[in-house]
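What follows is each chain in one-letter form.
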Amino acid sequence: MLMLVIAIFVVGIALIIIAGVTGDEGRRSAGEVWALVGPGLALLVIGFVLSFGFFTLEPNETRVAVLFGAYKGTVRQGGFRWGNPFWSNGPSLKPSTTGAGAEVAAAAKKGKGQAAPKKYPRYKISVRARTLNGPKLKVNDRRGNPVEIAAVVVWRVKDTAQAVFDVEDFEQYVETQSETALRHLASSYAYDHGEENEITLRSNVDEVSQALKAELEQRLARAGVVVEEARLTHLAYAPEIAQAMLRRQQAEAVIDARQKIVHGAVSMVDMALRELAEKGVVELDPERKAAMVSNLMVVLCGESEVHPVVNTGTLYA
């Protein structure tokens, strides 16, 4: 098409030049001159119109072909391309309360006369992978505890027709649905300390991320968007309860540690009594066994260093 358009321009210009030269020399009548000028001008107009059909596409970039309001397909091959010059050049960005639309509306109110930019120039839609790093959200978990949560979503456009025509703005749609899905996810799971085999936000990050991805895929399918990855990037208790939850976690950690210490101490006392009985080192009556068990438990479970008192007399002294 590039060679054809160049040839049309060359032929049109040549006809006009020939008509002008021969007309000045008087070798052609006025009718013959206009017979050359008319087609020459027509070719120039045709070449001018056809030249608007040229466009370029970068790798992983597409162009949605819309002819007089009808969807005709999507051009996916990159490089220097030509299409119908009457294909739509894309919708203008409507003024809104957020994003670029808000800037345009503010400029119009100030009288700057700034024209509304094209949201998708020439209906060019990128199909590259994009990353949405969501903000921190404060929501309540399944048990009603306020938590802060954030996620990162890697997505890309798969169906360009759905992305352009089924939703108003697919980029804003992805942001809104991602936030909605994250809020719903946080309210469906407890932060931690769940029941046996219960999935929690803190302990089961992989399972929670898979659930978030599945919900996002379901929500974004309408916009022709596929989710390649979705993971939590921030998870913490809200500041107003963070200190209380920290003290609870510390108390639970102390209890767990004490349980292990007591379990180990009981095992060691049992081993000591059994070894003494099997090897016949000393015979202890139940009262002395109880005293020995008490002393060993104090020594093994005490937090501070124990200073024993040596008995130089008999066991009963």
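The shown structure was predicted, so the numbers you read here are calculated from the model rather than taken from an experiment.

What counts as what
- Residues numbered from 1 in each chain as written.
- Predicted model: local features only at pLDDT ≥ 70, side-chain atom pairs only at ≥ 80, totals over all residues.
- Heavy atoms only, no water.
- Patch = residues over 30% accessible without salt bridge, like charges linked within 9 Å, V, L, I, M, F, W, Y side chains within 5 Å.
- Areas by Shrake-Rupley, 256 points an atom, 1.4 Å probe, with all protein chains shown as cover.
- Salt bridge = Lys/Arg side-chain N within 4 Å of Asp/Glu carboxyl O.
- Helix = DSSP H or I, 4+ residues; strand = E, 2+ residues; numbered from the N terminus.
- Phe/Tyr/Trp six-rings, centres within 6.5 Å; stacked < 30°, edge-to-face > 60°.
- Buried < 20%, exposed > 50% of the residue type's maximum accessible area, 1.4 Å probe, protein only.
- Lys NZ or Arg CZ within 6 Å of the ring centre and 35° of its normal.
- Contact = heavy atoms within 4.5 Å.
- Core = buried A, V, L, I, M, F, W, Y, C linked by side-chain atoms within 4.5 Å.
- Pairing = 2+ DSSP bridges.
- Axes fitted to C-alpha atoms, helices over the stretch in contact; angles between N-to-C directions.

*Asks:* Give me the lowdown on a nonpolar patch on the surface, citing residues and values where you can.
*Replies:* The grouping of Val45, Phe48, Val49, Phe52, Phe68 and Phe86 at the surface amounts to a nonpolar patch, some 660 Å² of accessible area in total. Following the sequence through the fold, Phe86 ends up in the loop between β4 (79-82) and α3 (99-109).

*Asks:* Give a description of the packing of aromatic side chains that names residues and reports values.
*Replies:* Under the definition given, this model contains 7 aromatic pairs. Both rings, one in Phe48 and one in Phe52, keep their centres 5.0 Å apart while their planes meet at 85°; by these two values the pair is edge-to-face. Given the relative accessible area of 49%, Phe48 is considered partly exposed. Given a relative accessible area of 46%, Phe52 falls into the partly exposed group. Summarising the aromatic geometry, the rings of Tyr71 and Phe165 are spaced 5.8 Å apart at their centres and angled 70° between planes, so their arrangement reads as edge-to-face. With a gap of 94 residues between them, Tyr71 in strand β3 (residues 70-75) and Phe165 in helix α4 (residues 160-165) connect regions that are remote in the sequence. Taking relative accessible area as the criterion, Phe165 reaches 38% and is therefore assigned partly exposed. Of the aromatic side chains, those joined through ring pairs into one cluster are Tyr71, Tyr123 and Phe165. Directly above the aromatic system of Phe55 lies the positively charged group of Arg63, at a separation of 4.6 Å from the ring centroid.

*Asks:* Quick one: what's the story with unusual backbone geometry, residue by residue and with numbers?
*Replies:* Keep in mind that most residues, glycine aside, have a negative phi and that most peptide bonds are trans. With a phi close to 60°, Asn60 is a non-glycine residue in the positive phi region. You can see Asn60 is positioned in the loop between β1 (54-57) and β2 (61-67).

*Asks:* Please give an account of the pattern of salt bridges that cites residues and values.
*Replies:* One pass over the full model with this rule turns up 6 salt bridges. Note that Glu58 is salt-bridged to Arg128, the shortest N-O span being 3.0 Å. Pair noted here: Glu58 is in the loop between β1 and β2 and Arg128 is in the loop between β5 (124-126) and β6 (130-133), with a separation of 70 residues, a long-range link. What makes Arg128 partly exposed here is its relative accessible area of 33%. When the shortest N-O distance is used, the salt bridge between Arg219 and Glu215 registers 3.1 Å.

*Asks:* Residues and numbers for the side chain of Thr160, please.
*Replies:* In this structure, Thr160 sits in helix α4. Dropping the residues within four chain positions of it, Thr160 is found in contact with Thr62, Val64, Tyr71, Thr74, Arg76, Ile125 and Val127.

*Asks:* Give a detailed account of the nonpolar core, specifying residues and quantitative values.
*Replies:* Among the nonpolar cores identified, the biggest contains 38 residues, and Trp155, Phe170, Leu182, Leu212 and Leu232 are the most heavily contacted of them. Where this core is concerned, the elements lending two or more residues are β2, β7 (137-140), β8 (146-157), α4, α5 (170-188), α6 (205-220) and β9 (225-237). No other element matches the 7 residues that α5 contributes to this core. Among residues more than four places away in sequence, those in contact with Leu182 are Leu137, Ile149, Ala150, Ala151, Leu212 and Leu232.

*Asks:* Explain the side chain of Glu215 to me, using residue names and the numbers behind them.
*Replies:* Assignment of secondary structure puts Glu215 in helix α6. In this structure Glu215 touches Ala181 and His184, once residues within four positions along its chain are discounted.

*Asks:* Account for the sheet that holds β5, naming residues and giving values.
*Replies:* Taken in spatial order, the 3 strands line up as β3-β2-β5 in an open sheet, and their pairing is antiparallel. In this open sheet, the two strands that pair with only one neighbour each are β3 and β5. Going from strand to strand, the sheet's axes swing by 30° on average, the running direction of each strand aside. Examined bridge by bridge, β2 and β3 share 5 bridges and lie antiparallel to one another. Residue pairing for β3: Leu67 is matched across the bridge by Ala70.

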